[in-house]
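Each chain, written out:
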Protein chains: 2
Amino acid sequence: TLAAPAIAQSSNPEIRWRMTSSFPKSLDTLFGGAEFLAKRVAALTDNKFQIRVFAAGEIVPGLQALDAVQAETVEMAHTASYYYVGKDPTFAFDTTVPFGPNARQQSAWMHHGGGLDLMRDFFKQYNILSFPCTNTGAQMGGWYRKEIKTVEDLKGLKFRIAGIAGMVLTKLGVVPQQLAAGDIYPSLEKGTIDAAEWVGPYDDEKLGLFKVAPYYYYPGWWEGQAQLSAYINLNAWAKLPDQYKAALQSACAEAYVDTLARYDAVNPAALRRLVAGGAQLRPFSREIMAACYKAAHELYDEISAKNANFKKVYEPWKKFRDDEYLWFRVSENSYENFAFTAAQTVK
Amino acid sequence: TLAAPAIAQSSNPEIRWRMTSSFPKSLDTLFGGAEFLAKRVAALTDNKFQIRVFAAGEIVPGLQALDAVQAETVEMAHTASYYYVGKDPTFAFDTTVPFGPNARQQSAWMHHGGGLDLMRDFFKQYNILSFPCTNTGAQMGGWYRKEIKTVEDLKGLKFRIAGIAGMVLTKLGVVPQQLAAGDIYPSLEKGTIDAAEWVGPYDDEKLGLFKVAPYYYYPGWWEGQAQLSAYINLNAWAKLPDQYKAALQSACAEAYVDTLARYDAVNPAALRRLVAGGAQLRPFSREIMAACYKAAHELYDEISAKNANFKKVYEPWKKFRDDEYLWFRVSENSYENFAFTAAQTVK
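Residues numbered from 1 in each chain as written. Chains lettered and ligands numbered in written order. Predicted model: local features only at pLDDT ≥ 70, side-chain atom pairs only at ≥ 80, totals over all residues. Heavy atoms only, no water.

Visitor: Can you help me understand the nonpolar core in this one?
Guide: Note that soluble globular proteins tend to have their nonpolar side chains buried in a common cluster. Judged by nonpolar contacts, the single largest core of 95 residues is most densely connected at Phe93, Phe99, Trp109, Tyr144, Phe159 and Trp221 of chain A. Residue contributions to this core peak at eleven residues, all from helix α11 (residues 286-306) of chain A. Contacts of Trp109 of chain A, omitting those with residues within four sequence positions, involve Phe93, Gly114, Gly115, Leu116, Leu118, Met119, Val313, Trp317 and Phe320 of chain A. Counting residues in each nonpolar core, the second largest holds 94 residues, with Trp198 and Ala279 of chain A together with Ile164 and Tyr325 of chain B among its members. (Core = buried A, V, L, I, M, F, W, Y, C linked by side-chain atoms within 4.5 Å. Buried < 20%, exposed > 50% of the residue type's maximum accessible area, 1.4 Å probe, protein only. Helix = DSSP H or I, 4+ residues; strand = E, 2+ residues; numbered from the N terminus. Contact = heavy atoms within 4.5 Å.)

Visitor: Could you clarify how one ought to interpret the packing of helix α1 (residues 30-44) of chain B against helix α10 (residues 242-276) of chain B in this entry?
Guide: Packed helices, taken two at a time, are described by their axes: the angle between them and the distance between them. Residues and elements named next belong to chain B. In the contact formed by α1 and α10, the axes pass within 8 Å of each other and the chain directions differ by 145°. The two elements α1 and α10 meet at a crossing, and its hand is right-handed. When α1 is examined against α10, the residues Leu30, Gly33, Phe36, Leu37, Arg40, Val41 and Leu44 are found in contact with a partner set consisting of Gln243, Ala247, Leu248, Ala251, Cys252, Glu254, Ala255, Asp258, Thr259 and Tyr263. For the contact of α1 with α10, the residue count by class is eleven nonpolar, three polar and three charged. (Axes fitted to C-alpha atoms, helices over the stretch in contact; angles between N-to-C directions. Left-handed = near helix turned anticlockwise from the far one by under 90°. Nonpolar A, V, L, I, M, F, W, Y, C, P; charged D, E, K, R; others polar.)

Visitor: When you look at the interface of chain A and chain B in this model, what are you seeing that I'm missing?
Guide: Interfaces are frequently sized by the accessible area removed from exposure as the parts join. Opposite the 94 residues of chain A that make contact, chain B presents 94 residues. Of the roughly 8,400 Å² buried where chain A meets chain B, counting both sides, 60% is carbon and sulfur surface. Considering only the side of chain A, the residues that lose the most area to chain B are Trp327, Tyr335 and Phe340 of chain A, jointly responsible for 10% of the buried surface there. Put simply, chain A and chain B have four salt bridges between them. Note that Asp323 of chain A is salt-bridged to Arg272 of chain B, the shortest N-O span being 2.8 Å. At the junction of chain A and chain B, the tally comes to 37 residue pairs in polar contact (both at pLDDT 80 or more). Put simply, the parts of the chain that give the side of chain A that touches chain B at least two residues each are β1 (15-21), α1 (30-44), α4 (103-112), α10 (242-276), α11 and α12 (308-345) of chain A. No other element matches α12 of chain A, which puts 23 residues into the side of chain A that touches chain B. (Buried area = accessible area lost by both parts, 1.4 Å probe. Salt bridge = Lys/Arg side-chain N within 4 Å of Asp/Glu carboxyl O. Polar contact = N/O pair within 3.5 Å; in protein donor to acceptor, adjacent residues only side chain to side chain.)

Visitor: Sorry if this is basic, but what is going on with the side chain of Glu336 of chain B here?
Guide: For Glu336 of chain B, the location among the structural elements is in helix α12 (residues 308-345). In this structure, Glu336 of chain B is buried with no salt-bridge partner, the nearest side chain bearing the opposite charge being Arg104 of chain B at 5.8 Å. What Glu336 of chain B contacts, discounting residues up to four positions off in sequence, is Asn102, Asn333 and Glu336 of chain A. (Lys, Arg positive; Asp, Glu negative; His and termini not counted.)

Visitor: What exactly am I supposed to notice about the relation of the copies chain A and chain B here?
Guide: One copy of the chain maps onto the other through a rotation about an axis followed by a shift along the same axis. When chain A is fitted to chain B, the best match, at an RMSD of 0.0 Å, comes from turning it 180° and sliding it 0.0 Å along the axis. On this basis, the relationship between the two copies can be described by a two-fold rotation axis. Same-surface contact between copies: 100% of interface residues of chain A are shared with the interface of chain B. (Least-squares fit on C-alpha atoms with pLDDT ≥ 70 in both.)

Visitor: Looking at this structure, I do not really get the pairing of strand β9 (residues 215-218) of chain A. What am I missing?
Guide: Within a regular strand, the side chains alternate between the two sheet faces. Residue and element names in this part refer to chain A. On β9, burial covers both faces: Tyr215 and Tyr217 on one face and Tyr216 and Tyr218 on the other are all buried. Sheet topology note: the strand β5 (residues 143-144)/β9 ladder contains two bridges and is antiparallel. If you follow Trp143 over to β9, its bridge partner there is Tyr216. Bridge count between β9 and strand β11 (residues 280-283): four bridges; the pairing is parallel. For Tyr216, the partnering residue across the bridge sits in β11 and is Leu281. (Pairing = 2+ DSSP bridges.)

Visitor: How should unusual backbone geometry be read in this particular structure?
Guide: The phi torsion of most residues other than glycine is negative, and most of the peptide bonds are trans. All names here are of chain A. Note the cis peptide between Tyr218 and Pro219, where omega equals -5°. Locating Pro219 in the fold gives a position in the loop between β9 and β10 (227-233). Of note in the backbone geometry, Asp46 takes a positive phi value of approximately 50° without being a glycine. Residue Asp46 is classed as partly exposed on the basis of its relative accessible area, which comes to 36%. The backbone of Glu72 sits at a positive phi, close to 60°, despite the residue not being glycine. By relative accessible area, Glu72 is classed as partly exposed at 34%.

Structure representation (structure tokens):
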């Protein structure tokens, strides 16, 4: 029902922000997620709040996006917090931690399990406010030049993998390597590295790794989900009218739904193309999974013993995760285990 | 960066809408989801677009919410489309279909798999536009007075279950019953019915069914997810300023994230309380699952043969679902099968 048109009372200002992405434009999933977010904010504010998205390197390098927000070089960034574990491993919890929750469970922890409050409390030290706005779902376990069957096969493996997962694998003899996306293919081709992980079928296909490292392992136990957030400078945030704050918050949630749906929609066909192109799908052996699980939890205990920020998040995070695991085993997981294979097994 | 404050140009009107819910206020998950949505729309429009939420029965009975939107008695409803399969079984696809996708896959189908377009095309016949705004995740398989071990045990079972799932179970001898939430407990207590399904631990606990039907089965194969949408009258929609349309769309996505996260956060403790209170958890046998899977797909072929609306959605839906199932088996499902049990099995 239309009530009497009100006299215009809005004095919402025109605001222009810059959002620096950690990703190149060619990653239409991740870079596209930031563009989607900016478009929705404009639509929600009669185009008065304009956010311009910059690709990695246009303002600052991809892995300095968070620093640029902290310094207020830009008002906001679209990045993965786990790129910054060198500053503090606590950053990882906002994106992903090996053997962590799946996407649904991460979202539950964020919005109704205390996770968002814990992470925002931590980010405040960097003058930053976060809103989850992207998820990739469970990632793949990467590309290997040779088969990896046992824990022994991990020893000395030069593996392009970063952050906490690299620290876990170091315990098992892996030599983690840090390489930008563009350097992965030539390094595998030359044999400078033995293996590399990236994201999942759709994004991985763009790098062409199956041609030089055909063994494609799963699951990516270090990224049972990967959440990306919008990281906003708190001074810039404080200057926003309430309506624009609401617009940013809602647009982030909408971008979250859209990006995850997109990944889930484009990955099946990409995996089929990769396998047709020669990728050899392999599951990690249970021996490897179990050794990594143990190493990961040892690492978390070690970090907790010396880092109060980490411990403060890790303890409630672990309790929440374990509760979620138990519940999801019941209806969700038993449904999926039946349904996903029924077309092949029910005759 | 603040640009020069603009002269107020907005002439957005004050608009008041009524949203009728299919649920009572006591279901804080579902009724609360509609209230969340209304609050966010207000925040996004400087409180100019106000949506008042009415519980089932306040304007129209819960199962007439869609009719009230079609007739423009109210501008919008928060309901589950599968309550209306009596009009046309095609309605089910917007909520859930037995052996359908999980929540992630449903969202992928909706937003990047053509599902939203297909459903909106169908709803247009009812002068309605839909926005997904709630999901419960995989539901439980209901409460039974006696154990159900074989397909034979289903024969003659008076089971409170509705819609397409009731039609599937009829093929196996079940006698489906339609009962409002408040009538389930006394009917089970008296033995008028033998079993009843509702939602999942948190919502089920409110009905107290474990006291009169202690066997709690899983998975709820007829609801591998259940999506609820905001259903909006197209005439009312056409009168909205663009900014308010954007606000409704974004608020629905935000409500979707929030409700699913909430279900996932509250269910683990509810299940624990139910088990402590005497609920006996039981998985459906593989024999029962397989028989239901076959009966469901026979039913879909039968309906497709005589209903062009259904066929038009079912065929692309099935193809999309099957592709999703294959992909999710790889990384997502293998990750979960390991991780969810690792705390118990990795020593």
